[in-house]
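# Residue-level structure breakdown
Spelled out, the chains give:
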Amino acid sequence: MLERLYKLGLVRSLPQVKTSISGGNRGYPGLSMTNFVIWWRASDQKLHAKRLAEIPIAKNSDSDTLIWKESTTRNFSVKGAYWVDQKSRFGAIDPLWNWIWDSKIHPRVSMMIWRACLKVLPTGDRLGLSTDCPVFLSVPESPIHLFARCKFASALWFSGPLPVRIDQIPGDNIADLLSNLCSSLDPPLITKMLILSGVTMDCIWKNRNILVHNTDSRFSVDTVRMEIFNKFHEMIAELDSKQRIPLQTNRLSFPRLTTERCILVDGSFKDGKFGCGMIALSKSSDEWWISTSSSLCSSALDAELQAMLLGLHWASANQWDNVSLVSDSKALVEGIRAKRSPDWKLSASFSLILHLLSSFYCCNVVFAKRECISIVDELAKSSLLSQDSRQNYKGEGFPPMNPNSF
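Computed from a predicted model, the values in this text were never measured in an experiment.

This part covers the overall build of the chain. Scanning the chain for helices and strands turns up 15 helices and six strands. Evaluated residue by residue, the chain yields a buried proportion of 40% over its 406 residues. Within the chain, contacts between residues at least 6 apart in sequence are counted, and of these 66% link residues at least 24 apart. With the model as given, the accessible surface of the chain reaches about 24100 Å², and the carbon-plus-sulfur share is 54%.

What follows covers unusual backbone geometry. Leaving glycine aside, a negative phi is the common case for residues, and trans is the common case for peptide bonds. Non-glycine residue Lys 119 carries a positive phi angle of around 60 degrees. Examined against the element boundaries, Lys 119 turns out to sit in the loop between α5 (107-117) and α6 (124-127). When its relative accessible area of 42% is taken as the criterion, Lys 119 is described as partly exposed. A positive phi angle, near 55 degrees, is found at Asp 271, a position not held by glycine. With respect to the element layout, Asp 271 can be found in the loop between β1 (261-270) and β2 (273-282).

On to the side chain of Ser 299, then. With respect to the element layout, Ser 299 can be found in the loop between β3 (288-296) and α12 (300-317). Dropping the residues within four chain positions of it, Ser 299 is found in contact with Phe 269 and Leu 346.

The full count for this structure, using the stated rule, is 11 salt bridges. Its salt-bridge partner being Asp 202, residue Arg 108 comes within 3.5 Å of it at the nearest N-O pair. Of this pair, Arg 108 sits in helix α5 while Asp 202 sits in helix α10 (residues 187-213); the two residues are 94 residues apart in sequence, bridging distant segments of the chain. Using a relative accessible area of 52% as the deciding quantity, one classes Arg 108 as exposed. Of the charged contacts, one joins Lys 381 and Asp 186 as a salt bridge, the two residues approaching to 3.5 Å between their closest N and O atoms. With Lys 381 in helix α15 (residues 374-386) and Asp 186 in the loop between α9 (174-182) and α10, this residue pair connects regions lying 195 residues apart in the sequence. Through salt bridges with shared partners, a single network forms among Arg 108, Asp 202, Lys 206, Glu 227 and Lys 231.

Within the largest apolar cluster, 44 residues are counted, with the highest numbers of intra-cluster contacts made by Ile 113, Cys 117, Phe 147, Ile 174, Leu 178, Leu 181 and Ile 195. Secondary-structure elements contributing two or more residues to this core are α4 (95-100), α5, α7 (143-149), α8 (151-158), α9, α10 and α11 (221-250). Cys 276, Ala 280, Leu 305 and Val 365 belong to the second largest nonpolar core, which has 32 residues in total.

What follows covers the pairing of β2. Of all the 10 residues making up β2, nine are buried; the element is thus mostly covered by neighbouring parts of the structure. Pairing of β1 with β2 involves 10 bridges; the strand directions are antiparallel. Considered in β2, the bridge of Val 265 is made with Met 278. What sits between β1 and β2 in their antiparallel hairpin is a turn of two residues, with Asp 271 showing a positive phi close to 55 degrees. Hairpin remark: β2 followed by β3, antiparallel, with five residues in the connecting loop.

What follows is about the packing of helix α13 (residues 330-338) against helix α14 (residues 347-357). Between α13 and α14, whose axes approach to 11 Å, the crossing angle comes to 60 degrees. When the axes of α13 and α14 are compared, the pair comes out oblique. As α13 packs across α14, the resulting crossing turns out to be right-handed. Two secondary-structure elements touch here, α13 through Leu 332, Gly 335 and Ile 336 and α14 through Phe 350, Ile 353, Leu 354 and Leu 357. Split by residue class, the contact of α13 with α14 holds six nonpolar, one polar and no charged.

About the cut-offs
- Residues numbered from 1 in each chain as written.
- Predicted model: local features only at pLDDT ≥ 70, side-chain atom pairs only at ≥ 80, totals over all residues.
- Heavy atoms only, no water.
- Helix = DSSP H or I, 4+ residues; strand = E, 2+ residues; numbered from the N terminus.
- Buried < 20%, exposed > 50% of the residue type's maximum accessible area, 1.4 Å probe, protein only.
- Contact = heavy atoms within 4.5 Å.
- Areas by Shrake-Rupley, 256 points an atom, 1.4 Å probe, with all protein chains shown as cover.
- Salt bridge = Lys/Arg side-chain N within 4 Å of Asp/Glu carboxyl O.
- Core = buried A, V, L, I, M, F, W, Y, C linked by side-chain atoms within 4.5 Å.
- Pairing = 2+ DSSP bridges.
- Axes fitted to C-alpha atoms, helices over the stretch in contact; angles between N-to-C directions.
- Parallel < 35°, antiparallel > 145°, perpendicular 65-115°, else oblique.
- Left-handed = near helix turned anticlockwise from the far one by under 90°.
- Nonpolar A, V, L, I, M, F, W, Y, C, P; charged D, E, K, R; others polar.

These figures come from the coordinates and say nothing about function on their own.
In structure tokens form, the structure reads like this:
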């Protein structure tokens, strides 16, 4: 019986010595049913004790705190309770919708992409008619075919402003197609790619309607391509004009530091993995150092927290007792100033940061926009992609950033 329970996973381990019970040829010595229950409970207690020991404990907590675990702010709210109760009704969080309705994208483009993703355009499959593709009459018309799988659409994508082999991008519908197309891109390029996607679909849809309602008209790849180019560059020029003023002010937004030494840190997160990097600079010296690390974590905020821990451990090991720590995570910086973790799930690691900060003579935690420390952002992304456990080395030549800029 005991072996059967072990095979079923109900028992974590078996006694080491195996002999007979009650004269039988199988069993365990002296193991009556009462002793078996006691042994089983002891085995589970060891397992639970091991799991309890693996739970990180906050170092600076004086007493236990009651929290609402479904909220990052740890406070109960009616909205939070509603979301927990109705969670089964809502689908998984999809970043595509945030990309589509980004304020940088023209509302007309966002609306066109949204209609194509939800299949609300009056295509042949939507109307229940046996309407075929207006270009290749033998293929049934659907959004995924009309905008991506049709050879005419593939030619427009490949010869467009941002050439794409759209026929090689997987996806059974427009939403999956755009998610796969943009998931590996940086945020600025995601915006441009979605603008191109919306413009391309809008031009294809316009010419499709002309062809359907006017049988004498013909599709011209060159005409539609020039229309896509003109609309795309018009919207990109409008986007650049809106961003030009913020880019000029960013040059003056470097934080002013009161210490001679500073450490720039940043973290990158994707699919349960993180990469973080730091650059240590000194205003009174041309020497500089780089350190990177990568492993598993639970969120983007956790990645930023691990980057800050990397910088603090490096400063402590190299006896930098008077230093400024620069991060682009505003939530984490504000949480440190308030001595309150921005996410209760990270309370243990956050308390370790506070503990390390208290060991320095002076360690200022400063917020800086990502544009100011973009070199560290690239370092963190490279560490995420390479997944090297840890690198630590002294730089050669001029530092990657001028420390006097801060």
